[in-house]
Amino acid sequence: MKHLYFVRHGLSEANIAGVWSGTMETPLSAEGKRQAKLAGQSAKGLGIDHIICSSLSRAHDTAKIIAEEIGYPVEKIELNSLLLERHFGQMEGQPYQLDADVDGFIDVEARESVLERAKLTLEHLAQLNAQVVLVVSHGSFGRAFRHIITPEIPYNQSDPTTKLANAKLTKFI
């Protein structure tokens, strides 16, 4: 793998509602679909030869829209549960608060678990016979994944400067 790109899913209905979504299903909004189309247009010409994404519909639908834009066969998109969003337990469906102490809840997936999934994802991608990979996933997982690749960028749930925008194509490697 020579190049690795990351896209957080397009704007979802839960994002619009301002609630924690985590591993619950929430569809892309009309704006999220438009964002995904624009991400696909910006990915044209990059030579993406493998797309891998979370199995949650908001990420999978984003990946499919991008694939259609770049001419990548939708049926070849790899779904991988390592790329799921962090599970936020009882917070899911509740109003989002930037400064929430997510690690203070017993039923929230441990930070170390998310980082381990990110590490395993990178190991999996390194074994692929692909040169330019696109990962489509979620905000918290994306920050963890970016931190594994670039340790000087912190994996911090409540730091707005580390946020990954919806459907923005970002080069990680």
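As shown above, the structure is provided for reference.
Predicted, not measured: the structure shown is a model, and the values here were computed from it.

Caption draft 1: Examining the overall build of the protein chain more closely. Helix and strand content of the protein chain: five helices and five strands. Secondary structure of the protein chain in N-to-C order comes out as β-α-α-β-α-β-α-β-α-β. Relative to the compact-globule value of 16 Å for 173 residues, the protein chain shows a C-alpha radius of gyration of 15 Å, a close match. Among the 173 residues that make up the protein chain, the fraction classed as buried is 49%. Partitioning the contacts of the protein chain with sequence separation of at least 6, the portion at a separation of at least 24 is 75%.

Caption draft 2: View of unusual backbone geometry. In this structure, A167 takes a positive phi of about 55 degrees despite not being glycine. Within the secondary structure layout, A167 lies in the loop between α5 (139–149) and β5 (170–171).

Caption draft 3: Looking closely at the environment of Q35. Relative to the elements of secondary structure, Q35 occurs in helix α2 (residues 30–43). Using a relative accessible area of 17% as the deciding quantity, one classes Q35 as buried.

Caption draft 4: Spotlight on the pairing of strand β2 (residues 50–53). Residues of β2 alternate between two faces, with H50 and I52 on one and I51 and C53 on the opposite face, all of them buried. Judged from the four bridges that link them, β2 and strand β4 (residues 132–137) form a sheet pairing that is parallel. Within β4, the position partnered with H50 by the bridge is V133. With two bridges connecting them, β2 and strand β3 (residues 78–79) associate as parallel partners. Paired with I52 across the two strands is E78, which belongs to β3.

Caption draft 5: Main features of the sheet that holds β3. The mixed open sheet is built from five strands, whose spatial order is β3-β2-β4-β1-β5. Two strands in the sheet have a free side with no partner beyond their single neighbour: β3 and β5.

Caption draft 6: Region of the structure containing the packing of α2 against helix α3 (residues 57–70). The N-to-C vectors of α2 and α3 enclose an angle of 40 degrees; their axes lie 8 Å apart at closest approach. Relative to α3, the element α2 lies oblique. For the crossing formed where α2 meets α3, the hand is right-handed. Across the interface between the two elements, K33, A36, K37, A39, G40, Q41 and A43 of α2 pack against T62, I65, I66, E69 and I70 of α3. Within the contact of α2 with α3, the residues separate by chemical class into six nonpolar, three polar and three charged.

Caption draft 7: Summary view of the environment of S113. Mapped onto the elements, S113 comes out in helix α4 (residues 111–127). With 31 residues separating them in the primary sequence, S113 and A144 have C-alpha atoms 9.9 Å apart. Of the polar contacts made by the side chain of S113, one reaches the side chain of E109; its length is 2.8 Å.

Caption draft 8: Looking closely at the packing of aromatic side chains. The tally for this structure, following the rule as stated, stands at five aromatic pairs. With a centroid separation of 5.1 Å and 5 degrees between ring planes, the pair formed by F6 and F172 is classed as stacked. Note that F6 is positioned in strand β1 (residues 3–8) and F172 in the segment after β5, a separation of 166 residues in sequence. You'll find F6 and F172 in the same group, each marked buried. A centroid spacing of 5.9 Å and a plane angle of 45 degrees characterise the contact between F145 and F172, whose relative ring orientation is tilted. Placement of the pair is F145 in helix α5 and F172 in the segment after β5, with a sequence separation of 27 residues. There is no split in this pair, since F145 and F172 are both buried. In this structure an aromatic cluster arises from ring pairing among F6, F141, F145 and F172.

Criteria and cut-off values
Residues numbered from 1 in each chain as written. Predicted model: local features only at pLDDT ≥ 70, side-chain atom pairs only at ≥ 80, totals over all residues. Heavy atoms only, no water. Helix = DSSP H or I, 4+ residues; strand = E, 2+ residues; numbered from the N terminus. Rg over C-alpha atoms; globule rule 2.2 N^0.38 Å. Buried < 20%, exposed > 50% of the residue type's maximum accessible area, 1.4 Å probe, protein only. Contact = heavy atoms within 4.5 Å. Pairing = 2+ DSSP bridges. Axes fitted to C-alpha atoms, helices over the stretch in contact; angles between N-to-C directions. Parallel < 35°, antiparallel > 145°, perpendicular 65-115°, else oblique. Left-handed = near helix turned anticlockwise from the far one by under 90°. Nonpolar A, V, L, I, M, F, W, Y, C, P; charged D, E, K, R; others polar. Polar contact = N/O pair within 3.5 Å; in protein donor to acceptor, adjacent residues only side chain to side chain. Phe/Tyr/Trp six-rings, centres within 6.5 Å; stacked < 30°, edge-to-face > 60°.

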